[in-house]
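Observations on the three-dimensional arrangement
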Amino acid sequence: MLQRHTRAACAAVVATGALVLTGLSGTANAGTGSPDTQAGPAAQSAARTLRKADTPAAVLRAMQRDLGIDRRQAEQRLANEAEAGATAGRLRGALGADFAGAWVSGAESGTLTVATTDAADASAIRARGAEPTVVRHSLAALDAAKAGLDRAARHTPTADAPAWYVDVLTNRVVIEAVRPAAAQALVKAAGVDRGLVRVKKTAERPRPLYDLRGGEAYYINGNTRCSIGFPITRGTQQGFATAGHCGRPGSTTTGSNQVSQGTFQASVFPGNDMAWVAVNSSWTATPYVNQNGQNVQVTGSTVAPVGSSVCRSGSTTGWHCGTMQQLNTSVTYQEGTVSGVTRTSVCAEPGDSGGSFISGSQAQGVTSGGSGNCSSGGTTYFQPINPILSTYGLTLKTTTSGPGDPGDPGEPGGTWAAGTVYQAGDTVTYGGATYRCLQGHQAQPGWEPPNVPALWERV
């Protein structure tokens, strides 16, 4: 069964964010496709599929505090963002090579912008309720340039150019540099078109957010403290996902109560920042993120769009919220460069490492590192959860039932399989029809393609 988990691509969907605000349908197909007449009676809107209405009061209060909005705006924002990813996925498929990214904006994420390299696409974008913008570079071109920088960073010093990412809002690959000369050296080593790159001056020097002081969460080898990311299962084995810099394979862990807990099974850092811990029989995986006695149920791992609200729970600073700024970011710590992380405006402090990033009830990733603090504010990066799940064959815990493999899909059959991590653009068959994935997520029972038009489009 493990092979099934790992066969699908797992990278977070790059800039697939944005669209569908109030009044936009979550069930129509994009472009030249016809309405999904095969969607069954269980088909749900994106907001309902992702259970945005079930967001706990603690998270809504954190959003109000950190985003400067009221409760009604927080609830509306989550609903809009849920619909945004689905519609953006449809437009991405319809625009093809012209697609240049998309994002939500406004206090309630009430405005969607979709970028294209072809002005002729504007009417199709407006027909979906989005604002078109015509840009020079496609998302594919920006991704390719960013990949070139990643390769060059393996043999080029980047301590003074510590972060680079695809910024769909400016239609450039941005390099944040303490010394601009370091950014120019990286561009030269990569051999990428300088017209694709913008250098941004920064004083930030990101670092991993682990700590060597006592507190809650979990402890590695009796001293270092990190925070649990998301409970998972691997077959009948229970455990949790966390940051790779928190421990190495074989490192032992104890819980916040100092009771023996588990062992790191696999870990990658730098390069990525991912790991998972298998726990002993004294511990039980639950579908919750807990902070200060408040349980937030995790119901899936659908990737949120750029501009979406996102909240982080960590053992040092509790709940804090902000927005998803850029996907597909590379950041250099003292230990080396980590690629494929997501940049956010959420603050964090030492000891928060490994902790949970969620959008509504959807798991987004585990805290990696950053700069600043929760007094003056800062920037924090997270390792997306879906690559962790697919790399290690893990299943995100989303129910209170016992551990176990999600099993093979029943009738009517096809290549779709619960437990598989899919990314935008992947295709599957189900019930004799072919479907294309709109938003990256780990499939689960109840999310069969005909039933979740927020996640799948019939082609």
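This text follows the structure it describes.
Reading the values: rules and limits
All residue numbers refer to position in the chain's written sequence, counted from 1. Local features in this predicted model are restricted to residues of pLDDT 70 or higher, and side-chain atom pairs are both shown and tallied only at a pLDDT of 80 or more, whereas totals for entire chains, interfaces and linings draw on every residue. The basis for every side-chain value is the complete set of non-hydrogen atoms in the structure, without hydrogens or water. We call a set of buried Ala, Val, Leu, Ile, Met, Phe, Trp, Tyr and Cys residues a nonpolar core when their side-chain atoms join them within 4.5 Å. Each residue is assigned to one of three classes by its accessible area relative to the maximum for its type, calculated with a 1.4 Å probe on protein chains only: buried under 20%, partly exposed between the two thresholds, exposed over 50%. Strands are runs of DSSP state E lasting at least two residues, helices are runs of H or I lasting at least four, and both sets are numbered from the N terminus onward. Should any heavy atoms of two residues lie within 4.5 Å, those residues are considered in contact. At least two bridges found by DSSP between two strands is the condition for calling them paired. We call a pair of cysteine sulfur atoms a disulfide whenever their separation is within 2.5 Å. When two rings of Phe, Tyr or Trp (its six-membered ring) have centres within 6.5 Å they constitute a pair, described as stacked for plane angles under 30 degrees, edge-to-face for angles over 60, and tilted for the intermediate range. Every angle, taken between N-to-C directions, lies between 0 and 180 degrees, and every axis is a line fitted to C-alpha atoms, over only the stretch in contact when it is a helix. Each angle gets one of four labels, with under 35 degrees taken as roughly parallel, over 145 as roughly antiparallel, 65 to 115 as roughly perpendicular, and the rest as oblique. Residue polarity follows a fixed list, in which Ala, Val, Leu, Ile, Met, Phe, Trp, Tyr, Cys and Pro are nonpolar, Asp, Glu, Lys and Arg are charged, and the others, Gly among them, are polar. What makes a salt bridge here is a side-chain nitrogen of Lys or Arg within 4 Å of a carboxyl oxygen of Asp or Glu, nothing more.

This brings us to the nonpolar core. Val114, Leu149, Ile175 and Leu186 are the most contacted members of the largest nonpolar core, which has 42 residues in total. Sorting elements by how many residues they give to this core places helix H6 (residues 139–153) first, with six residues. With residues near it in sequence (within four places) discarded, Ile175 still touches Leu149, Ala161, Ala163, Trp164, Ala183, Leu186, Val187, Val197, Arg198, Val199 and Lys200. Counting residues in each nonpolar core, the second largest holds 31 residues, with Ile232, Trp276, Ala278 and Leu394 among its members.

This part is about the pairing of strand S22 (residues 377–384). Across the eight residues of S22, six count as buried, placing the element largely inside the fold. What sits between the antiparallel neighbours strand S21 (residues 362–373) and S22 is a turn of three residues.

In this section: the state of the cysteines. For the structure shown, the criterion picks out three disulfides. Covalent S-S linkage joins Cys226 and Cys246, the inter-sulfur distance amounting to 2.0 Å. An S-S torsion of about -90 degrees defines the bridge between Cys226 and Cys246 as left-handed. One end of the pair, Cys226, is in strand S9 (residues 224–226); the other, Cys246, is in the loop between strand S11 (237–242) and strand S12 (252–254), and 20 residues separate them in sequence. For the residue pair Cys226 and Cys246, the accessibility class agrees, reading buried in each case. Cys311 shares a disulfide with Cys321; S-S distance 2.1 Å. Between Cys311 and Cys321 the sulfur-sulfur dihedral comes to about 100 degrees; the bridge is accordingly right-handed. In this pair, Cys311 is assigned in strand S17 (residues 309–314) and Cys321 in strand S18 (residues 318–333), connecting sequence segments ten residues apart. Classification of Cys311 as buried rests on a relative accessible area of 3%.

It is worth spelling out the packing of aromatic side chains at this point. Enumeration over the complete set of coordinates arrives at six aromatic pairs. An angle of 75 degrees between the planes, with centres 5.1 Å apart, marks the rings of Tyr422 and Trp456 as edge-to-face. One end of the pair, Tyr422, is in strand S24 (residues 421–422); the other, Trp456, is in strand S28 (residues 456–458), with 34 residues separating them in the sequence. We note that Tyr422, like Trp456, is buried. Of the aromatic side chains, those joined through ring pairs into one cluster are Tyr218, Phe240 and Phe264.

A separate point is the sheet that holds strand S13 (residues 260–268). Pairing is antiparallel in the open sheet, where eight strands are placed in the order S9-S8-S12-S13-S14-S11-S10-S23. The sheet terminates laterally at S9 and strand S23 (395–396), the two strands that pair on one side only. As paired elements, strand S8 (residues 218–220) and S12 share two bridges and run antiparallel to each other. Counterpart to Ile220 in the pairing with S12 is Thr253. Packing of helix H8 (residues 385–392) onto the sheet brings it into contact with strand S10 (230–234), S11, S13, strand S14 (274–279) and S23, and relative to S14 it is tilted by some 60 degrees.

Here H6 crosses helix H7 (residues 180–190) at 100 degrees, and the two axes come no closer than 8 Å. Here H6 lies roughly perpendicular to H7, going by the angle between them. Counting all contacts with H6, which are made through Gly148, Leu149, Ala152 and Ala153, the residues of H7 involved are Leu186, Val187, Ala189 and Ala190. Of the residues contributing to the contact of H6 with H7, the split by class is seven nonpolar, one polar and no charged.

Turning our eyes to something else, we now look at the pattern of salt bridges. Inspection of every chain in the model, using the stated rule, returns twelve salt bridges. Across the salt bridge formed by Arg51 and Asp54, the nearest N and O atoms sit 2.9 Å from each other. Overall, Asp54 belongs to the partly exposed group, its relative accessible area being 45%. Salt-bridge contacts for Asp66 lead to Arg65; the nearest nitrogen and oxygen are separated by 2.8 Å. A cluster of three or more residues bridged by salt bridges with shared partners is formed by Asp160, Arg179 and Arg205.

Bringing unusual backbone geometry into the picture now. Omega for the bond connecting Phe269 with Pro270 falls within 30 degrees of zero, at -5 degrees, which places this linkage in the cis form. Mapping Pro270 onto the fold places it in the loop between S13 and S14. Positive phi outside glycine occurs at Gln258, with the angle close to 70 degrees. Take Gln258: it is sitting in the loop between S12 and S13.

Sheet strands pair via backbone hydrogen bonds, and the direction of the pair is either parallel or antiparallel. Here we have three strands laid out as an open sheet, ordered S1-S2-S3, and mixed in their pairing. Edge strands, defined here as strands with exactly one partner in the open sheet, are strand S1 (99–105) and strand S3 (131–134). Taking the axes of each pair of neighbouring strands and ignoring which way they run, one obtains an average angle of 20 degrees across the sheet. Relative to S3, strand S2 (residues 111–116) runs parallel, the two sharing four bridges. Across the sheet, the residue bridging to Thr113 is Glu131, located in S3.

Before going further, it helps to spend a moment on H8. Summarising burial for H8: seven of the eight residues are buried, a large majority. Every buried residue of H8 is listed here: Ile385, Asn386, Pro387, Ile388, Leu389, Ser390 and Tyr392. Where H8 terminates, the next one or two residues include Gly393, which has phi positive at roughly 65 degrees.

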